[in-house]
Amino acid sequence: MKQPEDIAQQAATLDQHLALVARMTQEFTTSLDIEDTLNNAITQMMEYMHAEAASIFLLENDDTELVCRTCAGPIQLTGLRLAADHGIIGNTVKQNAVQMVLDVSTDPDFTAQVDEQTGFTTRSILCAPLTVKDKKLGAIELINKKSEDGLFVGDDQHILTALAASAALAIHNAAMASALIEQERIQHELELAREIQSNLLPVAQADDYPVHGYNLPMREVSGDFYDYFTLPDGRIVFNLADVSGKGMNASLLMAKTSSLFHCLGKTQTSPGQLMSMINNEVHENSTRGMFVTMVGGIFDPADGTIILANAGHQPPMLQYAEGHFEEIIGQSPPLGIVPDVEFPETTLNLKDGTLYIYTDGVTESQQDGKMLGEEGFQAMITAHRDKPVTARITAMFESLQREGRELHDDVTVLVIENKPQAPSLSLKVPAKANHLKQLRDKAREVVLAAGSGKEQADSIILAISEAASNIIQHAYKDNEGDIELNIHIDSHISPHQLVITLRDYAETIDINEIRSRALDDVRPGGLGVHFMKQLMDNLVYTVPEDGRGNRLEMRITINE
Amino acid sequence: MNNNSDSPVKFEIDDEQGYLVVRFEGEIDLYGTPHAREVILNCIKSKRNTVIDLSAVSYIDSSGVASLVEGYQLAKNDKLEFGLVNISDAVLSVLQLAHLDKVFTIHASLDERIQAS
């Protein structure tokens, strides 16, 4: 039978054990700096368990080696590499079980290799495996108990097992955390790359500049690019290209190719020869299997001439002023595949037409499993052709991103046209009565610039203001919202055909409810619609393409 | 003067030859109308013959026209005079559009109105 003093001492010892386990568990769970934590822990464990030395070995190199990550005691072992099946520690890891060797000289697993290297004498070893679930991480080893007999006891085995479990978890967590940090770092770098990439694209120009582009990347970084810049003689050099593959490789090749184009294009104004130079340069040190398709050219706004060269890119489409399309065929291999290739040039005159250069992300976009295709893209262009070029590009990309349409690739479009730009206006104002004056003032400027006389301008402005008042009162019902006003000339009908559209995002209104009231029933709204009908040639309410809100289109022929 | 500095419509009321003369200035649109309407209705409610001077109104929309009609109807019910004087071309063309140029009595000035009656 045990004496009460023995029981009290056992209880006190157990308390101390628990306190150490708790302290270390806490240190492990709160620190992500694993080296620091392990260094600290191994010293505490060694002292607490009265060992002469202690070390932690972790599996590395596809679990073929055990490497000492930290140690305490007279001999510095940190960095020491052992074969994964080496000695008692290797055995501990392999069997995933605690090994307690009281006298190493009698243990067949003991190898004296380390002792021989260090001059240290190992007498007895306590070694516990570090595992999380089924994953083996390494082992923790205590050497030579500082007691009279120098032997580890059963209690030591239990404490080390408990400590090893929490140490293993801490090592595992730290590894996961650093993987997460690495992932975040890569994400951050991709974002930087995207920013750098979008800075390589030219700054968007106003409607009266002949070249406009837009790029919609499907990932952080894109393999598509376009560029344009004006030469001192007024001609404009432009290109659009698609790098094979996706992701970082593609975007680096994109950066290189676009820089070459931008730099060499300032002095080499023959698109065919420029492409030959870029082709050789890209070919010289390109990664196997990567290539670039490109349409590049030079446009002279003075006479409307375009000289084009095409390196393996799909043919650009020219829409004539009359509305029909022609593909500009002219194929050479993509850049970077074969050196010393000639790139023949095609010359065309833009006249009042528009040239569309695009990547296959446009035509390969799908709706209900069906690809848009060239014809679908042409229909999309035609649907928006009476809009000024920047508004047209915006509308086309809205259509491409509409719900239900799937984009699988980067989408890039470059548009070249040489039309004298008629005055136009795109304005968005809050749907509040105190913004009506601003709307009228802006609209008046454009209507007068479009050639209207003062009296007619008054009428047009009244109709616009009445339409906007109706949106505020009857569509938004005095709730928050925006009104978009667009005014432009529909030159396909006549240079005097003014088109005014007002769009809101309120609930869609039943068109049958919009009618003018009898004249003796003069309440706002009804009288307003009467004004609009009297003043405008034509008035059409439609539900916008995206199914939200209302659109009113008013047309009037301008007379001076 | 009793002008709300927020309102785009300014006004001045004078008591001349037995009439309240309200002289509006600015643009009477959906934003300015509530203010203008209140001024007109207050004149009628004070049981006074009222004329509205629209020489300095550069823009009026259907809501502004509607408050003129409201003043006209209210005055008629109370057997009070209500007329428009000195109206700008901008206002006249909107009244013509609403076919109201023959409904309102319109005069070049208050004097002309008094002589005509």
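The preceding data block contains the structure.
Q: Before we go on, may I ask you to explain the overall build of chain B in this structure?
A: Looking only at helices and strands, chain B features four helices and five strands. Along chain B, from the amino end to the carboxyl end, the secondary structure elements read β-β-α-β-α-β-α-β-α. Relative to a compact globule of 117 residues, whose C-alpha radius of gyration would be 13 Å, chain B shows 13 Å and is just as compact. C-alpha extents for chain B along the principal axes are approximately 35 × 30 × 25 Å. Look at the contacts in chain B between residues 6 or more apart in sequence, and 64% of them connect residues 24 or more apart. Total accessible area on chain B is roughly 5500 Å²; 47% of this is exposed by carbon and sulfur atoms. One finds the centroid of the 10 positive side-chain charges in chain B at a distance of 9 Å from the centroid of its 18 negative side-chain charges.

Q: Would you explain the interface of chain B and chain A in this entry?
A: When the parts of a complex come together, some accessible area is lost, and that lost area is often used as the size of the interface. Between chain B and chain A, the residue contacts involve 16 residues of the former and 22 residues of the latter. Carbon and sulfur atoms supply 67% of the area buried between chain B and chain A, which totals about 1600 Å² over both sides. Inspection of the chain B/chain A interface yields three salt bridges. A salt bridge links B:Glu27 to A:Arg440, with the nearest nitrogen and oxygen atoms 2.6 Å apart. Elements supplying a minimum of two residues to the side of chain B that touches chain A: strand S3 (50-60), helix H2 (62-77) and helix H3 (89-97) of chain B. Counting residues per element, the side of chain B that touches chain A draws most heavily on H2(B), which supplies five residues.

Q: Could you clarify how one ought to interpret the sheet that holds strand S1 (residues 51-60) of chain A in this entry?
A: Picture the strands of a sheet paired through backbone hydrogen bonds; they go either parallel or antiparallel. Residues and elements named next belong to chain A. Reading across from one edge, S3-S2-S1-S6-S5-S4 is the order of the six strands in this open sheet, with antiparallel pairing throughout. Taken across any chain shown, the strands that pair with only one partner, and hence form the sheet edges, are strand S3 (81-83) and strand S4 (99-101). Between one strand and the next, the sheet's axes are offset by a mean angle of 25°, whatever the strand orientation. Examined bridge by bridge, S1 and strand S2 (residues 65-72) share seven bridges and lie antiparallel to one another. The partner of Ile56 across the bridge, within S2, is Thr70. Strands in contact with helix H2 (residues 34-48) are S1, S2 and strand S6 (135-145); relative to S2, the strand with the most contacts, it is inclined by about 65°.

Q: Please clarify how a nonpolar patch on the surface should be interpreted in this entry.
A: Taken together, A:Leu192, A:Ile196 and A:Leu200 make up a surface patch of nonpolar side chains, about 260 Å² in accessible area. Considering the arrangement of structural elements, one finds A:Leu200 in helix H5 (residues 154-200).

Cut-off values and rules
- Residues numbered from 1 in each chain as written.
- Chains lettered and ligands numbered in written order.
- Predicted model: local features only at pLDDT ≥ 70, side-chain atom pairs only at ≥ 80, totals over all residues.
- Heavy atoms only, no water.
- Helix = DSSP H or I, 4+ residues; strand = E, 2+ residues; numbered from the N terminus.
- Rg over C-alpha atoms; globule rule 2.2 N^0.38 Å.
- Contact = heavy atoms within 4.5 Å.
- Areas by Shrake-Rupley, 256 points an atom, 1.4 Å probe, with all protein chains shown as cover.
- Lys, Arg positive; Asp, Glu negative; His and termini not counted.
- Charge placed at Lys NZ, Arg CZ, Asp CG, Glu CD.
- Buried area = accessible area lost by both parts, 1.4 Å probe.
- Salt bridge = Lys/Arg side-chain N within 4 Å of Asp/Glu carboxyl O.
- Pairing = 2+ DSSP bridges.
- Axes fitted to C-alpha atoms, helices over the stretch in contact; angles between N-to-C directions.
- Patch = residues over 30% accessible without salt bridge, like charges linked within 9 Å, V, L, I, M, F, W, Y side chains within 5 Å.

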